[in-house]
Amino acid sequence: MDIIKYPSKSDWGELLKRPTVDNKSLQKDVAKILYHVKNDGDEAVRRYMKQFGGISLSSYEVAKSDWISTSESISEDLKQSIEVAIQNIKTFHEAQKENVSFIETMSGVSCWRKSIGIEKVGLYIPGGTASLFSTLLMLAIPAKIAGSKEIIVCTPPDKDGNIHPAILYCALRTGINRIFKIGGVQAVAAMAYGTDTVSKVYKIFGPGNQYVTCAKMLLNAEGIAIDMPAGPSELAILADESCVPEFVAADLLSQAEHGIDSQVLLVTDNEQVINEVIACLEVQLKELPRNEIARQALLNSKAILVKTLDEGMDLLNEYAPEHLIISCRDEKMLAEKVINAGSVFLGNYSPESAGDYASGTNHTLPTNGFAKSYSGVSLDSFVKKITFQKISYEGLELLGPAIKNMAEAEGLQAHADAVSIRLKENSK
């Protein structure tokens, strides 16, 4: 990790840049794939799966008959762990349901709002260097709670054309009906446009690499709904002398091992914390199966020494991390200063991996600074909120003058007439 000491605020913008590829080149490549899938459908999907993954299958949909037999190959310990996660995710997201509240804004004027599940949703489950079956839980569970009627899942297969058994088990446990062995931009495009095989959906969910994120952003510009920009994983930690360096190092590596384009930050007001954490990183890296991936991610990463923790929090709000851990003595006080973050973890015993898997919060979160304007996935992500109103004649008598005056001031006479005609007709 690069070590930066007491950076000037004027340098924060450059200091906090994420690792990126050439955006113009990326958009051009992604737009080409989107165009071909839109126009050539399944044929283009097959072509790109062969080109990018070396996979050629007669059918990309997982046969339902294969689900149970394949999913049963996972261990009982893993099944029990998944059950813990399912229960906690359900508990947290079911609590987000809103009761319909009828509000009388004035006498005779009643307004209310009702949440309706988005009927058709597409879930992208990453599976490049790791098959993230946990993401399926994070997306399928709130989709079901919200009342989505059709849920399509796309996930890349391994080199032999197989889906990880745990993904199939999670699909069975969450009531998913259709899974396709498709990954990358072509998967997102298939769900967005629809093909003869893959149904078109109304909204696309799920994280991915920079290509998948770019595809979602380009599709969103076409008017296709997405959850948020959710690209390569990132983590920031604010730590003081009360932190446990071994814990901090483990948390940094938990995100660094996601991929070579991941990024982690350590921000502290204590130089000794940086030295001790880096020493722990070297020890723990040697034991990681994915240590080469983590090492490359650490090349994108930084340890930043600041004068005060308040300054560190200001810097982190500017960075707007996907995940933020506060390992400080006064973590609750500092947490009150968080403005921009996807998900926050407080104290020495709240590892980020708890949120990734089983505490109950959702791990599909905005990256690349989008936490300044986006929330993570929640039950709200899977619903539309429709407003209703009921106005009596007496209510329209009271409200009518305000409507007419405002409509006429805007030069929209028909709007005013819609009130006048009703009142005149009823007065006969």
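Here, every reference points to the structure presented above.
Residues numbered from 1 in each chain as written. Predicted model: local features only at pLDDT ≥ 70, side-chain atom pairs only at ≥ 80, totals over all residues. Heavy atoms only, no water.

**Let's talk about the overall build of the protein chain**
The number of helices and strands found in the protein chain is 17 helices and 14 strands. Taken over the C-alpha atoms alone, the protein chain extends approximately 90 × 60 × 45 Å along its principal axes. Taken across its 428 residues, the protein chain has 48% of its residues classed as buried. Within the protein chain, counting contacts between residues at least 6 apart in sequence, those at least 24 apart form 75% of the total. Surface exposure of the protein chain reaches about 20,700 Å², of which carbon and sulfur atoms provide 50%. (Helix = DSSP H or I, 4+ residues; strand = E, 2+ residues; numbered from the N terminus. Buried < 20%, exposed > 50% of the residue type's maximum accessible area, 1.4 Å probe, protein only. Contact = heavy atoms within 4.5 Å. Areas by Shrake-Rupley, 256 points an atom, 1.4 Å probe, with all protein chains shown as cover.)

**Here's the deal with the packing of aromatic side chains**
When we look at a pair of aromatic rings, we describe it by the centre distance and by the angle of the planes. For the structure shown, the criterion picks out six aromatic pairs. Ring centres of Tyr48 and Phe52 lie 5.6 Å apart, and the angle between their planes is 5°; on these two criteria the pair is classed as stacked. Of the two residues, Tyr48 and Phe52 both sit in helix α3 (residues 42-53), four residues apart, roughly one turn of that helix. Given the relative accessible area of 4%, Tyr48 is considered buried. Seen in terms of ring centroids, Phe205 and Phe382 are 3.9 Å apart; in terms of plane orientation they differ by 10°. Their pairing is stacked. With a gap of 177 residues between them, Phe205 in strand β7 (residues 203-205) and Phe382 in the loop between α15 (352-357) and β14 (383-391) connect regions that are remote in the sequence. This pair shows no difference in class: Phe205 is buried, exactly as Phe382 is. These aromatic residues form a ring-pair network of at least three members: Phe102, Trp112 and Phe388. When the ring centre of Tyr48 is taken as origin, the NZ or CZ atom of Arg47, which lies over that ring, is 5.4 Å away. Positioned above the aromatic ring of Trp67 is the side chain of Lys64, whose terminal nitrogen or guanidinium carbon lies 5.0 Å from the ring centre. (Phe/Tyr/Trp six-rings, centres within 6.5 Å; stacked < 30°, edge-to-face > 60°. Lys NZ or Arg CZ within 6 Å of the ring centre and 35° of its normal.)

**With respect to the environment of Pro157**
Looking at the secondary structure, you find Pro157 in the loop between β5 (150-154) and α7 (165-174). With 26 residues separating them in the primary sequence, Pro157 and Gly183 have C-alpha atoms 7.5 Å apart. With residues up to four places along the chain from it excluded, the contact list for Pro157 reads Met49, Ile55, Asn162, Ile163, Lys181 and Ile182.

**Brief notes about the nonpolar core**
In this structure, Leu123, Leu136, Ile176 and Phe382 are the most contacted members of the largest nonpolar core, which totals 39 residues. Residue assignment for this core shows that the elements contributing at least two residues are α5 (76-94), β4 (120-124), α6 (133-146), β5 and α7. Looking at this core, the element that brings in the most residues is α6, giving 10 residues. Apart from residues no more than four positions distant in its own chain, Leu136 is found in contact with Leu123, Ile125, Ile141, Val153, Ile167, Cys170, Ala171 and Ile176. (Core = buried A, V, L, I, M, F, W, Y, C linked by side-chain atoms within 4.5 Å.)

**Brief notes about the packing of helix α4 (residues 64-71) against α7**
Where α4 contacts α7, the axes come no closer than 8 Å and their chain directions differ by 110°. Accordingly, the angle class assigned to the pair α4 and α7 is roughly perpendicular. The two elements α4 and α7 meet at a crossing, and its hand is left-handed. Contacts between α4 and α7 involve Lys64, Asp66, Trp67, Ile68, Thr70 and Ser71 from the former and Pro165, Leu168, Tyr169, Ala171 and Leu172 from the latter. Here the residues of the contact of α4 with α7 sort into seven nonpolar, two polar and two charged. (Axes fitted to C-alpha atoms, helices over the stretch in contact; angles between N-to-C directions. Parallel < 35°, antiparallel > 145°, perpendicular 65-115°, else oblique. Left-handed = near helix turned anticlockwise from the far one by under 90°. Nonpolar A, V, L, I, M, F, W, Y, C, P; charged D, E, K, R; others polar.)

**Section: the sheet that holds strand β1 (residues 2-5)**
Adjacent strands of a sheet pair through backbone hydrogen bonds, lying either parallel or antiparallel. The six strands lie next to each other as β1-β11-β10-β9-β12-β13, forming an open sheet whose pairing is parallel. Two strands close off the open sheet at either side, each with one partner strand: β1 and β13 (343-346). The sheet shows a mean angle of 15° between the axes of neighbouring strands, taken without regard to direction. Along the sheet, helix α10 (residues 245-256) contacts β9 (234-239), β10 (263-268) and β12 (323-327); its crossing angle with β9, the most-contacted strand, is approximately 165°. Lying over the sheet, helix α13 (residues 309-319) contacts β9, β10, β11 (302-305) and β12, oriented at roughly 170° with respect to β9. (Pairing = 2+ DSSP bridges.)

Spatial relationships are all this shows, so hold off on functional conclusions.
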